[in-house]
Amino acid sequence: MKILLVEDDQKTADFIIKGLKQETFSVDHAANGEDGLHLALTESYDVAIVDIMLPKLNGLTLVNALRQHENPLPVLILSAKNTVDDRVKGLQSGSDDYLVKPFAFSELVARLHALMRRSSGNIQQSPILSLGDITMDLHRHKVIVNGIEILLQPKELILLEYLLRNQERVVSKTMIMEHVWDYNFDPQTNVVEAKISKLRTKLAEVTDKEYIHTVKGLGYVCEVRE
């Protein structure tokens, strides 16, 4: 996924760029609205992240200009403005989503993926997630692997659901911590590794295929390997 980030605060931009690159995204950065609009109109991107308070051209005007050029680039507004009126104005400008600062990085990434799925018309509506021999019924909280139901603890269910929703994409330890345990990342804890290990063991009991793979220095990827 190639991202355009339009953000004038360098500290915020550096944080987002570093995180997105760790998620294997490609990122172009513009520090003002004019440069951001130029890049959006002349280059090809999957999603744009646009701050509202920008020099030269504010974010809402940038988005409006994009739509006037009939450019369908999905846009996520990122702003410290958090009132209902602010969010409504952001969406009325032609943006597709609105995320308030400060934010959880995992939510930012999830919203980017959602915008990509929406723009490609590939939103999954089914309560069933599947990959290879794995079928997960989200309504009944059941997991069938190779025709056999396996019993998972609540955190294991949430972890597997998260991995299946992001199948074939690398997810970092930080993202897993924020999504499954919902608290700030502690680099000293091994709770993710321990839960991944238990999940792998339970899957290995009913199938010869390997599904959860470690990507050294980046995190984990869920995909079928014989």
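The preceding data block contains the structure.
The rules we used
Sequence order as written defines residue numbering, which begins from 1 separately in each chain. Only residues with pLDDT of 70 or above have their local features reported here, since the model is predicted, and side-chain atom pairs are shown and tallied only from 80 upward, although totals for entire chains, interfaces and linings are computed over all residues. In computing side-chain values, all of the structure's heavy atoms are included and hydrogens and water are not. Any two strands with at least two DSSP-identified bridges between them are counted as paired. Labels follow the DSSP assignment, with helices taken as runs of H or I lasting at least four residues and strands as runs of E lasting at least two, numbered in each case from the N terminus. Axis definition: a line fitted to C-alpha atoms, limited for helices to the stretch in contact. Angles are taken between N-to-C directions and run from 0 to 180 degrees. Using a 1.4 Å probe on the protein chains alone, a residue whose accessible area is under 20% of its type maximum counts as buried, one over 50% counts as exposed, and one in between counts as partly exposed. N or O atoms within 3.5 Å of each other form a polar contact, as long as, within protein, one can give a hydrogen and the other can take it, and as long as residues adjacent in sequence are counted only when both atoms are side-chain atoms. Between two residues, a contact is recorded if the distance between any of their heavy atoms is within 4.5 Å. Any Lys or Arg side-chain nitrogen found within 4 Å of a carboxyl oxygen on Asp or Glu counts as a salt bridge.

Student: So what's going on with the sheet that holds strand E3 (residues 47-51)? Residues and values would help.
Tutor: To summarise the sheet geometry, strands pair through backbone hydrogen bonds and adopt either a parallel or an antiparallel arrangement. The strand order across the open sheet built from five strands is E2-E1-E3-E4-E5, with neighbouring strands paired in parallel fashion. Lying at the two open borders of the sheet, with one neighbouring strand each, are strand E2 (26-30) and strand E5 (97-100). Adjacent strand axes in the sheet meet at a mean angle of 20 degrees, parallel and antiparallel pairs treated alike. Pairing analysis gives four bridges linking E3 to strand E4 (residues 75-79), with the strands arranged parallel.

Student: Tell me about the side chain of Glu156, residues and numbers included.
Tutor: Mapping Glu156 onto the fold places it in helix H6 (residues 154-165). Taking the relative accessible area as the measure of exposure, Glu156 reaches 2% and is therefore buried. Side chain to side chain, Glu156 and Lys202 meet in a polar contact 2.8 Å long. Residues in contact with Glu156, not counting those within four places in the same chain, are Leu151, Lys195, Lys198, Leu199 and Lys202.

Student: If you had to explain the pattern of salt bridges to someone new, which residues and values would you point to?
Tutor: Following the criterion strictly, the structure yields eleven salt bridges and no others. Arg111 is the partner of Asp97 in a salt bridge, and the nearest nitrogen-oxygen pair spans 2.7 Å. With Asp97 in strand E5 and Arg111 in helix H5 (residues 105-119), this residue pair connects regions lying 14 residues apart in the sequence. Here Asp97 falls in the buried class, since its relative accessible area comes to 16%. Linking Glu107 and Arg111 is a salt bridge whose minimum nitrogen-to-oxygen distance equals 2.7 Å.

Student: I'd love a proper account of unusual backbone geometry, names of residues and values included.
Tutor: With an omega of -10 degrees, the peptide bond between Lys101 and Pro102 qualifies as cis. Mapping Pro102 onto the fold places it in the loop between E5 and H5. In this model, Glu70 sits at a positive phi of 55 degrees, which is unusual for a non-glycine residue. Note on Glu70: relative accessible area 72%, which makes it exposed. A positive phi angle is found at Glu168, which is not glycine, with a value near 70 degrees. In this fold, Glu168 is placed in the loop between H6 and strand E10 (170-171). Relative accessible area serves as the criterion here: at 58%, Glu168 is assigned to the exposed category.

Student: Which residues make up the pairing of strand E11 (residues 210-215), and what are the values?
Tutor: Here five bridges tie E11 to strand E12 (residues 219-225), and the two strands are oriented antiparallel to one another. Paired with Val215 across the strands is Gly219, a residue of E12. In textbook terms, the turn of a hairpin is the stretch between consecutive antiparallel strands, and for E11 and E12 this stretch comprises three residues, one of which, Gly217, has a positive phi near 80 degrees.

Student: Before we move on, can you summarise the environment of Arg67 with the specific residues and values?
Tutor: Looking at where Arg67 falls in the secondary structure, it is placed in helix H3 (residues 59-68). By relative accessible area, Arg67 is classed as partly exposed at 23%. Sequence-distant contacts of Arg67, defined by excluding residues within four places in its chain, comprise Pro72, Leu73, Pro74, Val75, Ser93, Gly94 and Asp96.

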